[in-house]
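Examining the three-dimensional arrangement
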Amino acid sequence: MARKLKLRIWRGDADNGGLQDVVVDANEGEVVLDVIHRVQATQMGDLAVRWNCKAGKCGSCSMEINGKPRLACMTQVAAYGDDETITVTPLRAFPVIKDLVTDVSFNYKKAMEIPAYEHPTELKPGEARMAQIDVERSQEFRKCIECFLCQDTCHVIRDHEENKKSFAGPRFFIRIAELDMHPLDRLRNRKRTAQEEHGLGMCNITKCCTEVCPEHIRITDNAIIPMKERVVDNKYDPIRWLGSKIRKREGME
Amino acid sequence: METGVFSQSRAAIKERTLRTDRWWLQPAITFGVLFSFVIYATFRAFENKYYFAEPLVSPFYSPCLSSSCIEGSSLLGQPFNNKYFGIGISPSLFILIFPLGFRMTCYYYRKAYYRAFWMSPPACAVAEPHSKYTGETRAPLILQNGHRWFFYAGLVFNVLLSIDAVLAFKNAEGEWGHMSVGTLVLLNNAVLLWLYSLSCHTCRHTLGGRLRHFSKHPVRYKLWSWVSVLNHKHPTFAWISLFGVAFADIYIRAVASGAWTNFYFF
Ligand code: SF4
Ligand code: SF4
Ligand code: FES
Ligand code: FES
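Let me sum up the structure you'll find in this document. Small disclaimer: the values here were computed from a predicted structure and weren't measured.

All names here are of chain A. Inspection of the region around ligand 1 gives 13 residues, with Cys154, Cys203, Thr206, Lys207 and Cys209 positioned closest. Sorting the residues of the shell around ligand 1 by element identifies helix H5 (155-158), helix H8 (208-212) and helix H9 (219-236) as the ones contributing at least two each. Each residue belonging to the shell around ligand 1 can be placed in one class, and the counts come to 8 nonpolar, 4 polar and 1 charged.

What follows is the structure, given as structure tokens:
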């Protein structure tokens, strides 16, 4: 059964823009991305929107729906009341390009700043062995679909443009945690660089990243806080610091 | 120059949030509850009476370490004077820093008060009212990294408060083998404090989280797995243990002041 849905869509570009009201048909079971496509097909031919899989797996359709960072393809229209107007805007932490499309290149830049996995040189191809329980913990982080909703909602950069240069953001903290927990990665300064170069200390663990993650990765509890504790071992705990100097190794246990 | 969501490059939207749900409710409740607790705890820390009703000691005053402590309430002796520089000091003030510091640096309470008190941010995707933000990178907030020291101190307090709960199996004449409502109140307090401390992120890290190879440390891996289950509920334990402490104190205050009688089951 179709219903008339009231939508408010942000339209514009970097220079100018605002919210525009439209009324559009919505069928039972449809998601917000479906009705946006209908608006595009019937009323606003040049409406810009990014999408790909419509299955919550590509991370392209990130936008803000009634002020909340969400995947449009995973947001049921039925979740909103019959008289409710649904407001859709582009992500508000990144520069807008056109309509619902933002420039998320900040994230790719940050990705490049994280040194990649380093394989032990003494292992020949085919010799690497890892125990399941050693890799399990970081497998959670591999579920990331790079929708960047966590980056968008993180107040450190959302509310402070000037912090972007010194803060990698939650998506990359899970990447750093994944590598620091990796049983074979040779690079052993990830704790120090997390704090000194990637801005881990700027996170105040207010957990908004965890709240919006569509993959339900427990970003704060399982990656950020464990990394903060590892940084403390390394930088702020005199006893462990001394121990690591004597044994001349970091995080080998 | 405007920053944050009002920066030049971002989509021009004048509202600081477009959320339509009651996002302010959670921080408002947190604010109300924490603020009430702070007021009550401050009042009690300075009150310096009604903290002992043989054999019950209020958790706000245990261990009672100063020479003004009521006879029988001091578990660890009385190394401190009751006056310094002519100013009378409540025994509670000698120990308060430990439980206070433990909770202030707790990862969960940090989230709670950064949101509710400092509004940084008040709720997700709601612009915060500050023009600058450096997080926990410099003083004083960099001191949050000292949480583990308060965690260790917290363990010592848990042991002491557990002893208090065991001593509550005495009657007012000091004979063992009795049990009162006060016993249950202190037992409840001790159990909740243990749950709070064991579910702590530092505890999880210390027991196994810091390891890279669980496979080489099967026992620590098991401990880590158990504590991870508790850790999931850390916020809940943080709240109910706070209520547990407040309730134990309220109960003992009522008994010590004579308002209530501590009912003995046997
Ligand atoms: S927990 Fe940290 S990284 Fe996650 S949104 Fe909050 S401040 Fe950002
Ligand atoms: S961590 Fe979650 S919210 Fe962040 S980019 Fe990955 S899937 Fe999206
Ligand atoms: S279109 Fe792929 S996640 Fe929504
Ligand atoms: S007590 Fe809350 S994290 Fe340690």
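Glancing now at the interface of chain A and chain B. With 68 residues of chain A at the interface, the matching set in chain B holds 60 residues. Summing both sides of the interface, chain A and chain B together bury roughly 5400 Å²; the carbon and sulfur share of this comes to 49%. Here chain A is connected to chain B by 9 salt bridges. Across the pair Glu136 of chain B and Lys228 of chain A runs a salt bridge, and its minimum N-O distance is 2.8 Å. Summed over the shared surface of chain A and chain B, the number is 46 residue pairs in polar contact (both at pLDDT 80 or more). Ranked by residue count, the leading element in the side of chain A that touches chain B is H9 of chain A, at 10 residues. When the residues that make up the side of chain A that touches chain B are grouped by side-chain class, the tally is 27 nonpolar, 15 polar and 26 charged.

So, on to the pairing of strand E1 (residues 3-12) of chain A. Residue and element names in this part refer to chain A. Counting buried residues along E1, 7 of its 10 residues qualify, which places the element largely inside the surrounding structure. By the bridge criterion, 10 bridges tie E1 to strand E2 (residues 17-26) in an arrangement that is antiparallel. Looking at the pairing, Leu5 lines up with Val24 of E2. If you look at the hairpin formed by E1 and E2, you'll find 4 residues sitting between the two strands.

Moving on, we come to the pattern of salt bridges. Taken as a whole and judged by the stated rule, the model has 38 salt bridges over all chains. With a closest N to O distance of 4.0 Å, Glu127 of chain A and Lys124 of chain A form a salt bridge. Judged by its relative accessible area of 54%, Lys124 of chain A falls in the exposed class. Close ionic contact of Asp237 of chain A with Arg148 of chain B constitutes a salt bridge, the shortest N to O distance being 2.7 Å. With Asp237 of chain A in the loop between H9 and helix H10 (238-247) and Arg148 of chain B in helix H5 (residues 147-167), the pair connects residues from two separate chains. Of the residues examined, Asp237 of chain A reaches a relative accessible area of 3% and is grouped as buried. Residue classification places Arg148 of chain B among the buried positions, given a relative accessible area of 1%. One network of salt bridges, in which partners are shared, links Glu229, Asp233 and Asp237 of chain A together with Arg148 and Arg210 of chain B.

All names here are of chain A. With mixed pairing, 5 strands are arranged side by side in an open sheet as E2-E1-E5-E3-E4. Single-partner strands in this sheet number two, and they are E2 and strand E4 (68-71). Across the sheet, the axes of successive neighbouring strands diverge by a mean angle of 35°, strand direction being ignored. Looking at chain direction, strand E3 (residues 62-65) and E4 are connected through 4 bridges and run antiparallel. Paired with Glu64 across the bridge in E4 is Pro69.

A word on the layout of surface pockets. Approximately 700 Å³ is the volume attributed to the largest pocket. When contributions to the lining of the largest pocket are tallied by element, the ones reaching two or more residues are helix H1 (25-47), helix H2 (92-95), helix H3 (97-105), helix H4 (107-116), H5, helix H6 (181-198) and helix H9 (234-256) of chain B. Ranked by the residues each element gives to the lining of the largest pocket, the list is headed by H1 of chain B, at 7 residues. A class-by-class count of the residues in the lining of the largest pocket yields 26 nonpolar, 5 polar and 1 charged. Estimates place the volume of the second largest pocket at around 380 Å³. Lining of the second largest pocket is provided by 19 residues; of these, Pro69, Arg70, Glu211, Val212 and Cys213 of chain A occupy positions nearest its centre.

Calculation notes
- Residues numbered from 1 in each chain as written.
- Chains lettered and ligands numbered in written order.
- Predicted model: local features only at pLDDT ≥ 70, side-chain atom pairs only at ≥ 80, totals over all residues.
- Heavy atoms only, no water.
- Near = heavy atom within 4 Å.
- Helix = DSSP H or I, 4+ residues; strand = E, 2+ residues; numbered from the N terminus.
- Nonpolar A, V, L, I, M, F, W, Y, C, P; charged D, E, K, R; others polar.
- Contact = heavy atoms within 4.5 Å.
- Buried area = accessible area lost by both parts, 1.4 Å probe.
- Salt bridge = Lys/Arg side-chain N within 4 Å of Asp/Glu carboxyl O.
- Polar contact = N/O pair within 3.5 Å; in protein donor to acceptor, adjacent residues only side chain to side chain.
- Buried < 20%, exposed > 50% of the residue type's maximum accessible area, 1.4 Å probe, protein only.
- Pairing = 2+ DSSP bridges.
- Axes fitted to C-alpha atoms, helices over the stretch in contact; angles between N-to-C directions.
- 1 Å grid on protein atoms, 1.4 Å probe; cavity = no way out; pocket = protein on both sides within 12 Å on 5 of 7 lines; lining within 4 Å.
- Points joined across faces, edges and corners; volume = space filled by probe spheres on them.

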